[in-house]
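Summary of the model geometry
If you want the building blocks of each chain, they are given just below.
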Amino acid sequence: MISDIAAVIFGGVGFTTAKECDSKIIKTPYGNVTAYFIRINGADVAIIPRHAGAEEHTPPHMINYRANVWAVRELGTKRIISTNSVGTMKDHSIGSFVLLDDFVDFTKNRTSTFFDTETVHVDMVEPYCPEIKGCLADSLKKRGIDYCEGTYVCTEGPRFETRAEIAMMKQFGDVVGMTGVPEVILAKELELCYASICTVTNYACGLGDGKLKLTVDEVVDTLHGAQGALFGVVSDAISNLPDERVCDCGCATVGARV
Ligand SMILES: [Zn+2]
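The following refers to the structure shown. (Residues numbered from 1 in each chain as written. Predicted model: local features only at pLDDT ≥ 70, side-chain atom pairs only at ≥ 80, totals over all residues.)

A few words on the overall build of the protein chain. Looking only at helices and strands, one finds 5 helices and 9 strands in the protein chain. The N-to-C order of helical and strand elements in the protein chain reads β-β-β-β-α-β-β-α-β-α-β-α-β-α. Counting every position in the protein chain, which comprises 258 residues, the buried fraction comes to 41%. Within the protein chain, counting contacts between residues at least 6 apart in sequence, those at least 24 apart form 83% of the total. (Helix = DSSP H or I, 4+ residues; strand = E, 2+ residues; numbered from the N terminus. Buried ≥ 20, exposed ≤ 12 C-beta atoms within 10 Å, placed from the backbone. Contact = placed C-beta atoms within 7 Å.)

So, on to unusual backbone geometry. A cis amide bond links Gly 157 with the next residue in sequence, Pro 158, at an omega value of -5°. For Pro 158, the position within the fold is in the loop between strand 7 (147–155) and helix 3 (163–169). Cis geometry marks the peptide bond from Val 181 to Pro 182, where omega comes out at 10°. For Pro 182, the location among the structural elements is in the loop between strand 8 (175–177) and helix 4 (183–189).

Moving on: the environment of Leu 192. By the secondary structure assignment, Leu 192 is in the loop between helix 4 and strand 9 (193–203). The class of Leu 192 is buried, set by 22 C-beta atoms lying within 10 Å. A sequence separation of 112 residues divides Leu 192 from Ile 80, and the C-alpha atoms of the two residues are 7.3 Å apart. Excluding residues that lie within four positions of it along the chain, Leu 192 makes contacts with Val 72, Lys 78, Arg 79, Ile 80, Ala 187 and Cys 249.

Its 25 residues place the ends of helix 5 (residues 216–240) 34 Å apart at the C-alpha level, agreeing with the 36 Å of an ideal helix rising 1.5 Å per residue. Taken as a whole, helix 5 carries its principal kink of about 45° at Gln 227. Buried within helix 5 we find Leu 223, Ala 226, Leu 230, Val 233, Val 234, Ala 237 and Ile 238. Against strand 1 (5–11), strand 3 (31–40), strand 4 (43–49), strand 5 (79–88), helix 2 (130–142) and strand 9 lie the buried residues of helix 5. (Expected span 1.5 Å × (residues − 1). Bend = angle between axes of the 7 residues up to and from the residue.)

Turning our attention to the environment of Asp 243. For Asp 243, the position within the fold is in the segment after helix 5. Each C-alpha atom, one on Asp 243 and one on Ala 6, is 8.5 Å from the other, the two residues being 237 residues apart in sequence.

Counting residues in hydrophobic clusters, the biggest one holds 66 residues, and the most contacted among them are Val 8, Ala 35, Ala 71, Ile 80, Ile 81 and Tyr 194. The residues contacting Tyr 194, other than those within four sequence positions of it, are Ile 80, Ser 82, Tyr 128, Cys 129, Glu 183, Val 184, Ala 187 and Lys 188. (Core = buried A, V, L, I, M, F, W, Y, C linked by C-beta atoms within 7 Å.)

Here's what the structure looks like:
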């Protein structure tokens, strides 16, 4: 085990890792995961690029979510900061940030539990860690960066959504993406703290400024533009985390076993 990792960052598209970083293969019951190590203001932090795998870029529906989350436990930390790219279904500006406070799950074919042989109903009243979310919010405020909190709708992908789907989902969600679930659920099952900071990269289908088509290039361009700010915000937040957790994330499954 690697000791004293302050937090693990799940890196989304565009959250690149310097090639010269130390890395280590983490073995899990679900497969191997590569973690990269950096120091942020004196704290050791691991980065797990979510889309890394046997292929150059693992698409959202094929990511080994259970292996990635289990690797966090193997690394000996209890905190995950997830970075995700999203489409906005409201009026967020492109390149702005959204901290998640709830989610709706429209995924179809993903294994979203570690408990295959016993029944465990994990509590989802507060899916995202308020302690980490508070540190991310403070960091955004100190840097003078506008942000919102919002509800994330997770779709299966890899296709983008239809206009009719967005018209439905915008009634109960703020942003839409393909990778936030089941990560948040799996983290809860392992009683880990999990928070997500999303970069708004595009308008969801049919909501753009007279523009119907969404291209991968515009998503990637926006992510590259926002990456410096995102890294700074996440770094500040990690530096400001209290040594000991005072949130309730560590008792998510207590009393939930049937
Ligand atoms: Zn927590």
